[in-house]
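Per-entry structural report
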Amino acid sequence: MRLRAVSGLLASTTLLVTAFAAPAGASPVPSTPNAGHQPSKHHFSAAAQSFVGADTVQKRVAKLEAAMASLPKESTAYNATKLWNAGITGAGSTVATLVSFGDDKVKQVLDTYSKNHGLPPANVEVIQPSGPVPACTDPGVDTATCQGWGGETDLDVTMMHAMAPNAKIIVAATPVAETQGFTGLPEMMHAVDYMTEHKLVDVISMSFGTTEENFPSFDSIKTLDPALDRASKAGITMVASSGDDGPTGGYLYGPGNYPYRVASWPASDPRVTTLGGTQLHLDANGNRTKADDVVNVADNGFSEGAGLSKAYARPNWQDGVKKITGSKMRSFPDISMEGVYGTSQSAPLFAGVLALAVQAKHGKLGQINPALYTKLGPAGTKAGIVDVTEGDNSQDGVVGFTAAKGFDIASGWGTVDASVFVPALVKALR
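The structure reproduced in this document is the subject of the present report. (Residues numbered from 1 in each chain as written. Predicted model: local features only at pLDDT ≥ 70, side-chain atom pairs only at ≥ 80, totals over all residues. Heavy atoms only, no water.)

1. Quick word on the packing of helix 13 (residues 369-379) against helix 14 (residues 418-429)
Running from N to C, helix 13 and helix 14 point in directions that differ by 110 degrees, and their axes come no closer than 10 Å. The orientation of helix 13 relative to helix 14 falls into the category roughly perpendicular. Crossing hand, helix 13 versus helix 14: right-handed. Contacts from Ala371, Leu372, Lys375 and Leu376 in helix 13 reach Phe421, Ala424, Leu425, Ala428 and Leu429 in helix 14. Tallied by class, residues from the contact of helix 13 with helix 14 come to eight nonpolar, no polar and one charged. (Axes fitted to C-alpha atoms, helices over the stretch in contact; angles between N-to-C directions. Helix = DSSP H or I, 4+ residues; strand = E, 2+ residues; numbered from the N terminus. Parallel < 35°, antiparallel > 145°, perpendicular 65-115°, else oblique. Left-handed = near helix turned anticlockwise from the far one by under 90°. Contact = heavy atoms within 4.5 Å. Nonpolar A, V, L, I, M, F, W, Y, C, P; charged D, E, K, R; others polar.)

Right, here's the structure in full:
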């Protein structure tokens, strides 16, 4: 594993934060409780939180093993092994996870886990494109938050490696914790630009999000878009988790969630393909005992995010589902995968599927949403789209969205059979 830090970024980071300030004359966003306090922290899954206190490779591997023990073998569940048998393993593709802090021991953790489970050693590189990342025990660093991000990192790369075992994985680690509002996002967008400019990746996975209401204005959110625009124009495919607060989301200054429907960014951004969370029901041999359904464990504080943006208008590739959404705004998610540990699990899993498609296409995929909505989704099982018709994402007293036959706001088009979806996606993009 190589670890690269890009030095001398203090001035550029300052300029970046200035560039992301709220536009003059922007409409104010509703205020949130406890203004004046620190923004609410990143909403970690229970699996990521379990890594707090795991300060050695051995402890981190143990936490990873414990987290993965209750999960099915994703490559079998999504029929990726059929592609492996045909030589499509992600070889030649590069997928990145964009995280705060990261884990500088991630390759050792993943290689140990892979050896225990019959996977090849991982090709992992850690980069620090927005400045040197502090250690979790450094002064001024919230150790628990930092270690939670380390757990998020380890889980992300494991999902990617389990789906595309020969893909190269880049961990793009930033030195500022992403919370709610703009905090941490300028550094993350700088990292996206760095990966774009240096032609490092084919796919970027983003397992984070902040409520649209927590920005100075809805228009101010769009000041983050130029980096995503540049990445998309360079052919990079971006995926994001839809969130784990159902149809609502956390206040800027918590605790608690909004008492009405809100949306999360970057999930709401049309430039990304957004992943909802489903639950697999498999027997001991990996065979489905019933169809997947929308994840909702609201009693434990999370259900998969889904909703309608208040910042982004409906993109033209969603015009075909406008009667279903009943809205002029962007709906999300677009597609769903396993998310019993939150949609921060779903996004890297789908990034792994896309890594397989990159190899099959012999090149970058670019923006896949137009093909997903106009060709693949309507084709259903012929294009590897597996409908999700059960479950809803209501949470915290806020009525959510319900899965139904065909496209729906709760699950998007449903989930995928990778063995059919990957070749169908490649064909649709030609």
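That shown, we press on.
2. Side note on helix 14
Taking 1.5 Å of rise per residue, the twelve residues of helix 14 would be expected to cover 16 Å, and the 16 Å separating its terminal C-alpha atoms lies within 8% of that figure. Ala418, Ser419, Phe421, Val422, Ala424, Leu425, Val426 and Ala428 are the residues of helix 14 that are buried. Residues of helix 14 that are buried sit in contact with helix 5 (80-85), helix 12 (343-361), helix 13, strand 16 (385-386) and strand 17 (415-416). (Expected span 1.5 Å × (residues − 1). Buried < 20%, exposed > 50% of the residue type's maximum accessible area, 1.4 Å probe, protein only.)

3. A word on the pairing of strand 3 (residues 123-128)
Most of strand 3 is tucked away, with five of its six residues classed as buried. With five bridges connecting them, strand 3 and strand 4 (residues 168-174) associate as parallel partners. Across the sheet, residue Ile127 finds its bridge partner in strand 4, namely Ala172. The parallel pair strand 3 and strand 4, bridged by helix 7 (residues 143-163), forms a crossover whose chirality is left-handed. (Pairing = 2+ DSSP bridges. Right-handed = clockwise from strand over helix to strand, strands pointing away.)

4. Quick look at unusual backbone geometry
The peptide bond linking Trp265 to Pro266 adopts the cis configuration, its omega dihedral lying at 15 degrees. Summarising the element assignment, Pro266 is placed in the loop between strand 8 (264-265) and strand 9 (273-279). Cis geometry marks the peptide bond from Phe332 to Pro333; its omega dihedral reads 10 degrees. Its place among the elements puts Pro333 in the loop between strand 14 (329-332) and strand 15 (335-338). A positive phi is found at Lys199, a non-glycine position, where the angle reads about 50 degrees. By the element assignment, Lys199 lies in the loop between helix 8 (185-197) and strand 5 (203-206). The backbone of His362 sits at a positive phi, close to 65 degrees, despite the residue not being glycine. Relative to the helices and strands, His362 is located in the loop between helix 12 and helix 13.

5. A look at the packing of helix 7 against helix 12
Remark: helix 7 packs on helix 12, axes separated minimally by 8 Å, with the N-to-C direction vectors making an angle of 35 degrees. Between helix 7 and helix 12 the crossing geometry is right-handed. Where helix 7 abuts helix 12, its residues Glu152, Asp156, Met159, Met160 and Met163 lie against Ser344, Gln345, Pro348, Leu349, Ala351, Gly352, Val353 and Leu356. Considering only residue class, the contact of helix 7 with helix 12 consists of eight nonpolar, three polar and two charged.

6. Here's the deal with the state of the cysteines
Tallied over the entire structure, the rule returns one disulfide. At a sulfur-sulfur separation of 2.0 Å, the disulfide partner of Cys136 is Cys146. Handedness of the Cys136-Cys146 disulfide follows from its S-S torsion of about -70 degrees: it is left-handed. Of this pair, Cys136 sits in the loop between strand 3 and helix 7 while Cys146 sits in helix 7, and the two are ten residues apart along the sequence. When sorted by exposure, Cys136 lands in the same class as Cys146, which is buried. (Disulfide = S-S within 2.5 Å.)

7. As for the environment of Ala231
For Ala231, the position within the fold is in helix 10 (residues 225-233). For Ala231, a relative accessible area of 0% corresponds to the buried category. When the C-alpha atoms of Ala231 and Ala291 are compared, they prove to be 35 Å apart, with 60 residues separating the residues in sequence. Once you skip the residues sitting within four places of it in the chain, Ala231 turns out to touch Val192, Thr196, Ile236 and Met238.

8. Some words on the packing of aromatic side chains
Applying the stated rule across the entire model yields ten aromatic pairs. When the ring of Phe44 is compared with that of Trp149, the centres are 5.5 Å apart and the planes differ by 80 degrees; the resulting orientation is edge-to-face. Linking Phe44 in the loop between helix 1 (10-19) and helix 2 (46-49) with Trp149 in helix 7, this pair joins segments that are 105 residues apart in sequence. Each of the two residues, Phe44 as well as Trp149, counts as buried. Among the aromatic residues, those joined into a cluster by ring pairs are Trp317, Tyr373, Phe407 and Trp413. One residue, Lys222, lies across the ring of Tyr312, its end atom 5.7 Å from the ring centre. Positioned above the aromatic ring of Tyr78 is the side chain of Arg288, whose terminal nitrogen or guanidinium carbon lies 5.9 Å from the ring centre. (Phe/Tyr/Trp six-rings, centres within 6.5 Å; stacked < 30°, edge-to-face > 60°. Lys NZ or Arg CZ within 6 Å of the ring centre and 35° of its normal.)

Structural measurements only, silent on function.
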